[in-house]
Amino acid sequence: MIEKAVIFAAGEGTRLRPLTLNRPKHLLPIAGKPLIYWILKSVEYAGARKIGIVVHYKADMITSYLKTLNLKSELYFIFQHKPDGTAGALDIARDFIGDEDFLLIYGDVIVDPGDFKEMVHLFKKENYDAVILGVQVENPWDYGVLKLRDGLYMEKVVEKPPKGQEPSNLINGGVYVFSPKILDLVKKVGLSVRGERELTDALQMLALRGRVFVYKTQRSKWRDIGRPWDLLEAEARLFRMYLPPPPKCEIGCEVRVVPPVYIGENVEIGRYSTIGPNVSLHDNVKVGKFSKISNSIVMKDSKIGDYVSVSYSIIGERSVLEDEVTILSEPENGGSVKMIVKGKLEDTGMKKLGCVIGDDVVVGRKSLIKAGSVIFNNVVIPSNSTITGLVK
């Protein structure tokens, strides 16, 4: 049993904007609960009973939410007043950790609880210096790639190597079991070319001196939440792992619900509408008549009008889609959907992806939103508009 765990929850999540303009990414709702809830669930399943949460961006929102939870664990809030990277985040947690073994997880990854528990078991059984999660992916060049020694131990991490030059298909999954040896190494880490103190530099030092075992898992058991469409994939995955609770509101007999679906409190759904599969309607959402919502997240207090079609999309809080709005989820010329993230057009790799709509947006009636569009907070779209790309 390992008693202590650390969760990194200090980052801004700039690639998830506009969804993170009003909230930290760790509070983005997935399958009815904030992201950090699912991380805490995995950490508790692995046996941790004292959990340190490293916070910075909108820290008060995270601490306020976590104080409402009825957990088995004790929570300790660790404030990273000067965000200087992941090594810096671990460095300020040293007083909490002390001289004990501990778990560490980045606050933007969803992990199968069974994998987390097995990592702890192997660490204790084999007396490793560390166990890290290696995730088998088809596109390792987009991540930090693990180079292994003897097929078992980490030799180094190669950050985003050129395609075709990656040392393996295993990436650093952002989940670790550490001995306190790592803390002395973290203090020695200087600034990287990105101007941050990187935990992977300390991990590299540890790999040179001891045994850093790589626990391998499949992509189907892991999801990082770095870009908006990751939320939709994570939601579908969580629905497979956990049965959604029954709706907390009355669902009329003329409404078609295709599970899995999460429906929060005080949700209203009009006659002849279809909801699901893989849909979350959060508290106080209103859906009109003859509307269809599938593979989407609709955050609290938003309103969907009559004859609206929403698929593979994320809609922020207090937004309004007036009657007869249609969101397309497939590109006109086929292939995968492109979306602008931090000012750059990215290939999402997804054949179906609708749009991302921020908070307090109004989309006028009979408007058409094309696949891959992003609408920032507080935008008003006139009726009969066609939206393509980024709207601020």
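**Describing the overall build of the protein chain**
Counting its regular elements, the protein chain contains eight helices and 35 strands. What you see for the protein chain is a C-alpha radius of gyration of 22 Å, in line with the 21 Å of a compact globule of 392 residues. Taking the principal axes of the C-alpha coordinates as reference, the protein chain spans close to 65 × 45 × 35 Å. Buried residues in the protein chain amount to 55% of all 392 residues. Looking at the protein chain alone, contacts between residues at least 24 apart form 55% of all its contacts between residues at least 6 apart.

**A closer look at the packing of helix α1 (residues 35–45) against helix α2 (residues 59–66)**
In contact at an axis separation of 11 Å, α1 and α2 are set at 55° when each is read in the N-to-C sense. Considering the angle they form, α1 stands oblique to α2. The chirality of how α1 crosses α2 is right-handed. Mapping the contact onto sequence places I36, Y37 and L40 in α1 and I62, Y65 and L66 in α2.

**Let's talk about the pairing of strand β27 (residues 338–341)**
Two faces, one strand: in a regular strand the side chains alternate between the faces of the sheet. Where burial is concerned, the two faces of β27 differ: the one with M339 and V341 is buried and the one with K338 and I340 is not. Two strands pair when backbone bridges link them, and β27 and strand β28 (residues 344–347) are joined in this way by four bridges, in the antiparallel orientation. Residue pairing for β28: V341 is matched across the bridge by K344. Connecting β27 to the next strand, β28, in antiparallel fashion are two residues, including K342 with a positive phi near 50°.

**Here's the deal with the layout of surface pockets**
Its boundaries defined by the atoms lining it, the second largest pocket holds a volume of some 730 Å³. Forming the walls of the second largest pocket are 26 residues, and the residues nearest its centre are P29, G32, K33, P34 and H282. Counting only elements with at least two residues in the lining of the second largest pocket, the list comes to β3 (33–34), α1 and α2. Counting residues per element, the lining of the second largest pocket draws most heavily on α1, at three residues. Its residues assigned to classes, the lining of the second largest pocket comprises 15 nonpolar, three polar and eight charged.

**Regarding the environment of F376**
Among the structural elements, F376 can be located in the loop between β32 (374–375) and β33 (380–381). Along the chain, F376 and V310 lie 66 residues apart, while their C-alpha atoms are 17 Å from each other. Among all residues touching F376, those that are not within four sequence positions of it are R17, P18, L21, V361, L390, V391 and K392.

**Observations concerning the sheet that holds strand β18 (residues 279–281)**
Read from one edge to the other, the open sheet built from seven strands follows the order β15-β18-β21-β24-β29-β32-β35, with strand pairing classed as parallel. Looking along the sheet, the strands with just one partner apiece sit at the ends: β15 (261–263) and β35 (390–391). Sheet analysis places β32 next to β35, joined by two bridges and oriented parallel. The partner of I375 across the bridge, within β35, is V391. The sheet contacts of helix α8 (residues 228–241) involve β15, β18, β21 (296–298), β24 (314–315) and β29 (356–357), and relative to β21 the element is tilted by about 100°.

**Notes on the environment of M1**
With respect to the helices and strands, the residue M1 is situated in the segment before β1 (4–9). Here M1 is in contact with A46, G47 and K124, once residues within four sequence places are set aside.

**Notes on the pattern of salt bridges**
Evaluation of the coordinates by the stated rule reveals 24 salt bridges. With its nearest N and O atoms 2.6 Å apart, the salt bridge here joins K181 to D129. One end of the pair, K181, is in helix α6 (residues 181–186); the other, D129, is in the loop between α5 (113–126) and β8 (130–136), and 52 residues separate them in sequence. Three or more residues joined by partner-sharing salt bridges are found here, namely R223, D224, R227, D230, E233 and E346.

**Description of the sheet that holds strand β25 (residues 320–321)**
Taken in spatial order, the six strands make up an open sheet running β16-β19-β22-β25-β30-β33, and their pairing is parallel. One side of each edge strand has no neighbouring strand; the edge strands of this open sheet are β16 (268–269) and β33. Here β16 runs beside strand β19 (residues 286–287); their pairing, made up of two bridges, is parallel. Bridging from a neighbouring strand, I269 pairs with V287 of β19.

Scoring rules and cut-offs
- Residues numbered from 1 in each chain as written.
- Predicted model: local features only at pLDDT ≥ 70, side-chain atom pairs only at ≥ 80, totals over all residues.
- Heavy atoms only, no water.
- Helix = DSSP H or I, 4+ residues; strand = E, 2+ residues; numbered from the N terminus.
- Rg over C-alpha atoms; globule rule 2.2 N^0.38 Å.
- Buried < 20%, exposed > 50% of the residue type's maximum accessible area, 1.4 Å probe, protein only.
- Contact = heavy atoms within 4.5 Å.
- Axes fitted to C-alpha atoms, helices over the stretch in contact; angles between N-to-C directions.
- Parallel < 35°, antiparallel > 145°, perpendicular 65-115°, else oblique.
- Left-handed = near helix turned anticlockwise from the far one by under 90°.
- Pairing = 2+ DSSP bridges.
- 1 Å grid on protein atoms, 1.4 Å probe; cavity = no way out; pocket = protein on both sides within 12 Å on 5 of 7 lines; lining within 4 Å.
- Points joined across faces, edges and corners; volume = space filled by probe spheres on them.
- Nonpolar A, V, L, I, M, F, W, Y, C, P; charged D, E, K, R; others polar.
- Salt bridge = Lys/Arg side-chain N within 4 Å of Asp/Glu carboxyl O.

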